[in-house]
Structures are given as C-alpha cells and as structure tokens.
Amino acid sequence: GAPLAQGERGSMASLDSTLRKGPPPGGWRQPELPEVIAMLNYRLDPVRSNAAAYLQHLTYKNDKVKSDVRRLKGIPALVEMLDNPNKEVHNAACGALKNISYGKDPDNKVAIKNCDGVTALIRLLRKTREQELTGTITGTLWNLSSHDAVKMEIVDHALHALCDEVLVSHSGWERGTNGAGGREENCKPRHLEWEFSLTNTAGCLRNVSSERKEARRKMRECTGLVDSAMYIVQSQIDCKEMDTKLVENCVCLLRNLSYHLYNEIPNAERYVDTTPNSRGAAPSGQKGSCFGSRKAKDEWFSRGKKDEDPSQDQVDIPVRSTPAKGYELLFQPEVVHVYLSLLKEAKNPHVLEASAGAIQNLCAGNWTYGRCIRGLVRKEKGLSMITELLKHENDRVVRAMSGALRNLALDARNRELEGQHSVAQLVANLPGGGQSQPVRALSEETVVSILSTLHEVLGSNIDAARIFRTSQGVERLVLIHKDGNRSEREVRGAVLILKTLWAHKEIRRTLQKDGWKKEDFLVEVKPADNSNRPPGGYEESTLPLIDKGSKGDREMIPMNDMGPDAYTTLDRNNSLEPSDKDSFQGGMDGERQASLPLMDSYDG
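Looking up the protein in an unreviewed UniProt entry gives the name Catenin (Cadherin-associated protein), delta 1, with the organism given as Iconisemion striatum.

Structure follows, in structure tokens:
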C-alpha cells in the first residue's frame, strides 16, 4: 500500500492561491520544483502536507527529481516535518522520503542521514500505531540501509526501536518462549497482519548485519531479535509459506548473524572443541549414511531397519542447564532441522542459498557446536539434500551448496560420504562436459568453490579419487588448466587437485593406462597474488538481496593457501572482512518505493 498521501486533485486544490497567475480567474498551472520545496516551509499544515505529497508523486521513479530535491535543500524540510503532530503532514513527508531514499544514488541516503533523518524516523515509529505508516517508515529505513555509510547509524539509533515496535511486537513470538516454540495452533501467526512492515524491518536488519563485527554483536545481543526472526521462519515452515520475501529476509539475517559466530560470541573460549581432530580417516566401524536412496549404504539410517544400533554414529550434543534464548538460538542443534526443512521445501533461490550459508557458517571453526552440527546434518540426511541441490539452475545456489559441503567435510565421516556420493555431481558442474554433458555456465566464484570442495574431499580419500577419475574429472581439470579462457584462480585450483590425485600412488598406474602422463599432473602455475587479499586465508562471495543490484569486490583464496579454515563466503556488496570458512549475506539495495495512490504502477 501507498502511504497516506492526498490524491492529486486534493493536493492541487490547496495550492490554488499560490499558483494563480493572471486571467482567466481561477486558472491553475503546474508548480515548479523550487516552489514546491518552498511550500514545505509554509506555516499552513495543509500546504506543507500537499507539497510533500506532490514531491512524492514527482520523485516516483525519477532520479533526476530526487537529486534536484536534495540540491534545493528539500530533504531537511521533509525530515523536520516528521516531528509535526499533524497526521497528514508527517505521513506525506515520510512518503516523499521513502521515494527519495530509493535508488542507487548514495547522496540522497547520506543527505537524509546527515540531517538526523534516521532518528526522526524512529521517533515517528515509536509514536505511531498505524500499519500503513509503520510500513512507510520501515520501508524508508530499508532503503537507507543499503548504503554502507548509513548502516551503523541505523544500528546505533534504530535497532532497538525496530525490534521493540515491529519485530517483537508483531512476529507472534512471546517473551518467555524460545524462537522455535509457542506457535498458534490454527497455523495463522499474528505476524501475517503486519507482514509488510515485518518484511521491511527484516530487510533493513538484513542489510545492516553485513556491516561489521560490532554491528553483528549489537544485533545478537538485542533482546528478542534472534528469537523473533527464528519464530517467523519456523512459523512459516509450519504453514508451508517458505518462499516469501519475509522468510528470505529473516533467513538471510540469521545467516549473517551466524557469520564468524564461533569466535564472536561472548566467552567463545568455552566452546573450543578439545576432542581429537576429526580430519583424519573415518573409523572403519562407522557406517552410517545420510544418502537414503542408496539402501545398500544406508545401514542404520534406513527407515526400514529399526533394530540397528544408533551408537554407530552417535552425535555428542552439548548439554544445557537452562533453555537457549537470544543469540544462543543461532547455534542450537534444533536449527539444523529448520535449515534442512528450507533446503527440502523452499523454491526461492535466496532462501536456499541463505540456508546453506547458515549451515556453512555454523560448521566453521573448531568449536563444539560446529562438530555437533556437522554430525546432525549427516544424521538428518542433509548431505543428500545439499548434494542434490548442486544440480540447481541458480549459480549462487550451487556455490552455497558447494561451500556447505566443504565445511561439512571437516567431519571425517561426512568427508567419506561426500567422497562416495557428492564427487560425481561436483565434477559435473566443472567446465568441459562435452556433448553428453553440456557445459554449465557457472561463474568463476562458483567454479573455484567447487574446486575447493573437491580438494578437501579428495585429499585423503582414495575411493573418492577413483570416483573422481571415473566421472571424467581428470579431463575437466586438464581442460581448465590448458584453456586460455579460464581465470588464474580456476587454473590454480585445477592444478592443485591434479597434484593431489597424483599423490595417491594407488591410482597412478590406472591413470597412466588412461593415457595420462606424470607431466599432466605435476604442473606449475603462477604463484597467487596475495597483495589485495586480507590476511588469514579465506574465500568470499556475495549474494544480492534482490535479483538486481551491483556486484561487489570479491577476493578468493589462492588454492595453494587452502587449509582447515580457508573457505568463507561473505555476502555483501563491497569489501569484506576476513574470516574462517563462513558465509555471510547482505548489503544490496533492498528498497521499496512509494507513490501517490493515483499512480497506476507501484514498486513495492
């Protein structure tokens, strides 16, 4: 819905006395923009409200007019009108600011920030109880949040109000329950009535959560934020409504807040995993599998074999003395079911990628919950879901699934299962499929991600290396190496895997029978240029909040620097901060533009 602005006829009528020029009596002309800006400072509220409404009309999808309003000093006047007690005045001013803040021009957003527009919007948000005006205010804040220079302003001055007045108040979550409980029996959570405002609020928080470590800390510690977002997602899963923008924004927000969680949460040292390193080979007696379609390899996970001993693949879940709440909900074992439910049922590619990214984040680092979640994903057959989604048509979804598989492969049993069941599909996504397997047009970032995952899985697994060979993986690696059109990162990744394959002495003779020579595997490439890469080996990629938007600067880890904590995806639209094997999302223009009701089209 459009904000409560006057229709065109009503707007013009109240401006009659200022616009009459000569005969015939009662004649009317269209006002010039400087005149409309001047009317914002009139003493009469009807003139001011209608001038603001007319500006909302003029700025709709018109970037030049937006810039002219800023140049003519109209933004400070509109911000000042937000504190006007007259409903028509502050409604119209907010609608105009929502339009002006929409778009790629950062100067408009900065101008609103510089005249304390964020704090003025929040004062109005705390006073109003109207759904429509709340939607306009939160939509304006969502627009503003897409620019980095405004993000911390929102975190510092708008975070608690957005949570208290919108997210907690209208999500349906009640204090005293955790984010996964307390849903209404009729499957119609209260938040649906306020879905527009909740979507805007979650979109704003999704953007600002991509800003920096301090922003994430404040958001995790904001009372009710994680609980409400988790509640919304779980409620929508129960109602089979998983592809909405509201769910997308909430899942992306949760994914962002999971970024680098293992060393950013309070008292992180308490969660350091002291168990023996799991990166070695899987125990021979551990035969559990998450790949339900392969009955011969499913052992006790098969539903039909209830008499098997689950202790063969027991996951050690940390014991809690008190119920989890707040940021603790981000890494509780229950979230595995939430994210896997989305991977199984959702169709929205951003929801799919964010869910896999959250799993990737939680499985990063050497901490007890990371080890627990890696095991639970396997037990709930998540590996097969993620592997199947490697076939998805969306490039970023494929990249997210590959990244999740790489972090899951830190668990020895997962790595063994991925070697058996995921390698063939990973290879199928590499360039050079031939006529029988057409080449997929995947991005450089996605190809490098797949190569990273293959390197992790093949490193100590001779069976996986054999499957890689029979899947014609060697041919694809050689093609990447010799194709002059591939990037240095792709070539470096392919060469590293070729060297890893040759290191498996058991298959050298077979490779030579296939016609390959030692020189095909032991090749040299140009050393990685690390001059522009942040320290501490990591890989980054981004996911836009909406399908359109700018591409950010991305740096990937050189393949010869990969290690246990070397893979990260960081979803933002600009430079990113280093981390260890995490996924991160946010920062694109998640904006909504308002118009007067008289307009036929309405964006948002």
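Next comes the rest of the description.
The geometry of helix α27 (residues 473-482) relative to helix α28 (residues 488-503) is characterised by a closest axis approach of 8 Å and an angle of 140° between their N-to-C directions. As the angle between them shows, α27 and α28 are arranged oblique. Relative to α28, α27 is oriented so that their crossing is left-handed. Contact with α27, carried on its side by Val474, Leu477, Val478, Ile480 and His481, involves Glu490, Val491, Ala494, Val495, Ile497, Leu498 and Leu501 of α28 and no other residues of that element. Classifying every residue of the contact of α27 with α28 gives 10 nonpolar, one polar and one charged.

Quick look at the UniProt feature "repeat: ARM" (unreviewed entry) in the protein now. UniProt marks residues 73-101, 116-159 and 381-416 with the feature "repeat: ARM" (unreviewed entry), using the numbering shown here. As annotated, residues 73-101 has a helix share of 79% and a strand share of 0%, and its two end C-alpha atoms lie 15 Å apart. Between the C-alpha atoms that bound residues 381-416 there is a distance of 14 Å. The span itself is 72% helix and 0% strand.

Take the pattern of salt bridges next. Under the definition given, this model contains 29 salt bridges. The partner of Glu130 in a salt bridge is Lys87, with the nearest N and O atoms 3.5 Å apart. Of the two residues, Glu130 sits in the loop between α9 (117-127) and α10 (131-144) while Lys87 sits in helix α7 (residues 87-101), which places them 43 residues apart along the sequence. For Glu130, a relative accessible area of 26% translates into the label partly exposed. Residue Arg129 is joined to Glu165 by a salt bridge in which the shortest nitrogen-to-oxygen separation is 3.8 Å. Taken together, the residues span a long stretch of sequence, with Arg129 in the loop between α9 and α10 and Glu165 in helix α12 (residues 159-171) at a distance of 36 residues.

Before going further, it helps to spend a moment on unusual backbone geometry. Here Lys73, not a glycine, exhibits a phi torsion of approximately 65°, which is positive. For Lys73, a relative accessible area of 62% corresponds to the exposed category. A positive phi angle is found at Asn267, which is not glycine, with a value near 55°. Assignment of secondary structure puts Asn267 in the loop between α17 (261-264) and α18 (334-345).

Taken as a whole, helix α14 (residues 213-220) has its buried residues at Ala215, Arg216, Met219 and Arg220. Down the axis of α14, the buried side of the element spans an arc of 130°, and every buried residue falls inside it. Looking at the buried positions of α14, the neighbouring elements they touch are α11 (148-157), α12, α13 (195-208), α15 (225-238), α16 (245-257) and α17.

Each value, and the rule that gives it
Residues numbered from 1 in each chain as written. Predicted model: local features only at pLDDT ≥ 70, side-chain atom pairs only at ≥ 80, totals over all residues. Heavy atoms only, no water. Axes fitted to C-alpha atoms, helices over the stretch in contact; angles between N-to-C directions. Helix = DSSP H or I, 4+ residues; strand = E, 2+ residues; numbered from the N terminus. Parallel < 35°, antiparallel > 145°, perpendicular 65-115°, else oblique. Left-handed = near helix turned anticlockwise from the far one by under 90°. Contact = heavy atoms within 4.5 Å. Nonpolar A, V, L, I, M, F, W, Y, C, P; charged D, E, K, R; others polar. UniProt positions renumbered as here; feature names shortened; annotations may be inferred. Salt bridge = Lys/Arg side-chain N within 4 Å of Asp/Glu carboxyl O. Buried < 20%, exposed > 50% of the residue type's maximum accessible area, 1.4 Å probe, protein only. Arc of directions from axis to C-beta.

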